[in-house]
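Descriptive structure summary
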Amino acid sequence: MTSPSHPVILGQNQYGKAENRVVKITRDGGTHHIKDLNVSVALSGDLSDLHLTGSNAHCLPTDTTKNTVFAFAKEYGIESAEQFGIHLARHFVTSQEPIHRARIRIEEYAWERIAGSDANSRFIGADEVNHSFVRKGQETRVTQITYDGEKWEVVSGLKDLVVMNSTHSEFWGYIKDKYTTLQEAYDRILATTVSGRWRFNWTDDEQRMPNWERSYEQTRKHMLEAFAETYSYSLQQTLYQMATRIITHRAEIDEVRFSLPNKHHFLVDLEPFGLKNENEVYYAADRMYGLIEATVLRDGATAQIPVDMTNL
């Protein structure tokens, strides 16, 4: 018995070199500056023959994309992760006819200067302490730049930023059924590891480009201020205030999405030891955890940041 034939069609495809680690040192006399990036390139376009016939006539080797990342670090410098990604995306789309769309994802690892002691600075020469750095242990800054030859989409953000309010948080009045054991809390710790993305409304070269470095600095500031200043009755409420503060204060941003795990802190029962725990000693649970996620938009904007930000 002959089985019916099943035609096969090639779907979405892309290729590129992932996780190119590039460190750029800018030397301003004796004072040095570091930009430390992890750059991933994904290219798509007229690439069917690579899959269907094995022809590489339209293939720019991934090794070439890697070399381009390093060469551009020298040619253009790294003013910001966004600016560097824009240079790369424009290059791949405009220089290679088969490439119709480029997506550049960048993680940036922050460094801060190590301050030497005044006495030692004088002993070894003042400029000697301007080239020593320590990796910041806080968040990783991220950005994704997508370009199709006409329109840009820039989504930036951060991940792994741990924050905590030791009071001004409550959680009560929730649904209770036969499986509910959680006690209502009228003074609790609120802690989370922030993963956030925000989309810029800069989409074409005719528009004025945002100041990427200042935008990140100010967006982070407003986000943290909202976390600190919100008297919270739920992590959902805090998330909404964080995103609202960003959109209200940063005209260049139209959409914000947060994924916030609720890092639970449970009061330890000290009564077996004859001690009263007056909101002082907690057990910090790393899992399981509540996971609160939401998108907040400027009125009139359309959501474009993926609901699942795992790979963004």
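A few points on the structure.

Cut-offs used in this document
Counting restarts for each chain: residues are numbered from 1 in the order of the written sequence. Given that this is a predicted model, residues contribute local features only at a pLDDT of at least 70 and side-chain atom pairs are listed and counted only at 80 or more, while totals for whole chains, interfaces and linings are drawn from all residues. Side-chain descriptors were evaluated using all non-hydrogen atoms of the structure, hydrogens and water having been removed beforehand. Criterion used throughout: strands pair if DSSP finds at least two bridges between them. Helical segments are the DSSP runs of H or I of at least four residues, strand segments are the runs of E of at least two, and each set is numbered from the N terminus. Convention adopted: a line fitted to C-alpha atoms gives each axis, helices being fitted over their contacting stretch, and angles between N-to-C directions are expressed from 0 to 180 degrees. In what follows, residue pairs with any heavy atoms lying within 4.5 Å of each other are defined as contacts. Working definition: rings of Phe, Tyr and Trp (its six-membered ring) pair if their centres are within 6.5 Å, and the pair is stacked with planes under 30 degrees apart, edge-to-face with planes over 60 apart, and tilted otherwise. Think of it in three bands: with a 1.4 Å probe and only protein chains considered, a residue is buried below 20% of the maximum accessible area for its type, exposed above 50%, and partly exposed in between. A ring is scored as having a charge over it whenever the NZ atom of a lysine or the CZ atom of an arginine sits within 6 Å of its centre and within 35 degrees of its normal. Two distance rules govern patches: like charges are joined within 9 Å, and nonpolar side chains (Val, Leu, Ile, Met, Phe, Trp, Tyr) within 5 Å, applied only to residues with over 30% relative accessible area and no salt bridge. We get accessible surface area from the Shrake-Rupley algorithm with a probe of 1.4 Å; when it comes to residues, only the shown protein chains can shield them. Each salt bridge in this description consists of a side-chain nitrogen of Lys or Arg and a carboxyl oxygen of Asp or Glu lying within 4 Å of one another. The scheme is simple: roughly parallel for angles under 35 degrees, roughly antiparallel for over 145, roughly perpendicular for 65 to 115, oblique for anything else. Two helices that cross are described as forming a left-handed crossing if the nearer one is turned anticlockwise from the farther one by less than a right angle, and a right-handed crossing if clockwise. Classes in brief: Ala, Val, Leu, Ile, Met, Phe, Trp, Tyr, Cys and Pro nonpolar; Asp, Glu, Lys and Arg charged; the others, Gly included, polar. Take the number of residues in a helix, subtract one, and multiply by 1.5 Å to get its expected span. Within this analysis, the arc is defined by the directions that extend from the helix axis to the C-beta atoms.

In space, the 8 strands of this open sheet follow the order 1-2-3-6-7-8-9-12, with antiparallel pairing throughout. A single partner strand is all that each edge strand has here, and the edge strands are strand 1 (20–28) and strand 12 (290–297). When strand polarity is set aside, the average angle formed by the axes of neighbouring strands in this sheet is 20°. Where strand 8 (residues 190–200) and strand 9 (residues 253–262) come together, 7 bridges link them in antiparallel fashion. Within strand 9, the residue paired with W198 across the bridge is V256. Sheet contacts for helix 5 (residues 212–229): strand 2 (31–45), strand 6 (140–147), strand 7 (152–165), strand 8 and strand 9; angle to strand 7, the most-contacted strand, approximately 35°.

Let us look at the packing of aromatic side chains. Following the criterion strictly, the structure yields 9 aromatic pairs and no others. Between Y147 and W152, the ring centres sit 3.8 Å apart and the planes meet at 15°, which makes this aromatic pair stacked. In terms of burial, Y147 and W152 fall into one category: buried. Where W198 meets Y216, the ring centres are 6.3 Å apart and the plane angle is 35°; that geometry is what we call tilted. Of the two residues, W198 sits in strand 8 while Y216 sits in helix 5, which places them 18 residues apart along the sequence. A network of ring pairs unites the aromatic residues Y147, W152, F200, W202 and W212 as a single cluster. Geometry around Y216 places R141 over its ring, the cationic atom sitting 4.4 Å from the centre. Above the plane of the ring of Y174 lies K176, whose end atom (NZ or CZ) is 4.6 Å from the centre.

It is worth spelling out a nonpolar patch on the surface at this point. Together, W172, Y186, Y231 and Y233 line one region of the surface with nonpolar side chains, adding up to about 450 Å² of accessible area. Judged by its relative accessible area of 42%, Y233 is partly exposed.

What follows covers the side chain of T140. Following the sequence through the fold, T140 ends up in strand 6. Ignoring sequence-local partners within four residues, the contact set of T140 consists of E107, E108, Y109, G157, L158, K159 and D160.

All right, on to the packing of helix 2 (residues 62–75) against helix 3 (residues 81–95) then. Orientation of helix 2 relative to helix 3, taken along the N-to-C sense of each, is 130°, at an axis distance of 11 Å. Relative to helix 3, the element helix 2 lies oblique. At the point where helix 2 passes helix 3, the crossing takes the right-handed sense. Across the interface between the two elements, T65, T68, V69, F72 and A73 from helix 2 touch F84, H87, L88, H91 and F92 from helix 3. Residue composition of the contact of helix 2 with helix 3, by class: 6 nonpolar, 4 polar and no charged.

As paired elements, strand 1 and strand 2 share 9 bridges and run antiparallel to each other. Each bridged residue has a counterpart across the sheet, and for V23 the counterpart in strand 2 is D36. Hairpin connection between strand 1 and strand 2: a loop of 2 residues separates the two successive antiparallel strands, and G29 in this loop has a positive phi of roughly 65°.

Another aspect to go through is helix 6 (residues 235–249). Here helix 6 spans 21 Å end to end across 15 residues, near enough to the 21 Å set by a 1.5 Å rise per residue. Among the residues of helix 6, those classed as buried are L235, T238, L239, M242, A243, I246 and I247. Down the axis, helix 6 shows its buried residues gathered within 170° of arc, on one side only. Where helix 6 is buried, its residues touch strand 8, helix 5, strand 9 and strand 12.

A word on the packing of helix 5 against helix 6. Two elements in contact, helix 5 and helix 6, have axes whose closest approach is 8 Å; the angle formed by their N-to-C orientations is 140°. When the axes of helix 5 and helix 6 are compared, the crossing they make is right-handed. Contacts between helix 5 and helix 6 involve T219, H222, M223, E225, A226, F227 and E229 on the former and, on the latter, T238, Q241, M242, R245, I246 and H249. Of the residues in the contact of helix 5 with helix 6, the class split is 5 nonpolar, 5 polar and 3 charged.

This paragraph deals with the environment of Y283. Tracing the chain through its elements places Y283 in strand 11 (residues 282–284). Distance in space between the C-alpha atoms of Y283 and S166 is 13 Å, their sequence separation being 117 residues. Beyond its immediate stretch of four places on either side in the chain, Y283 contacts H264, H265, F266 and V268.

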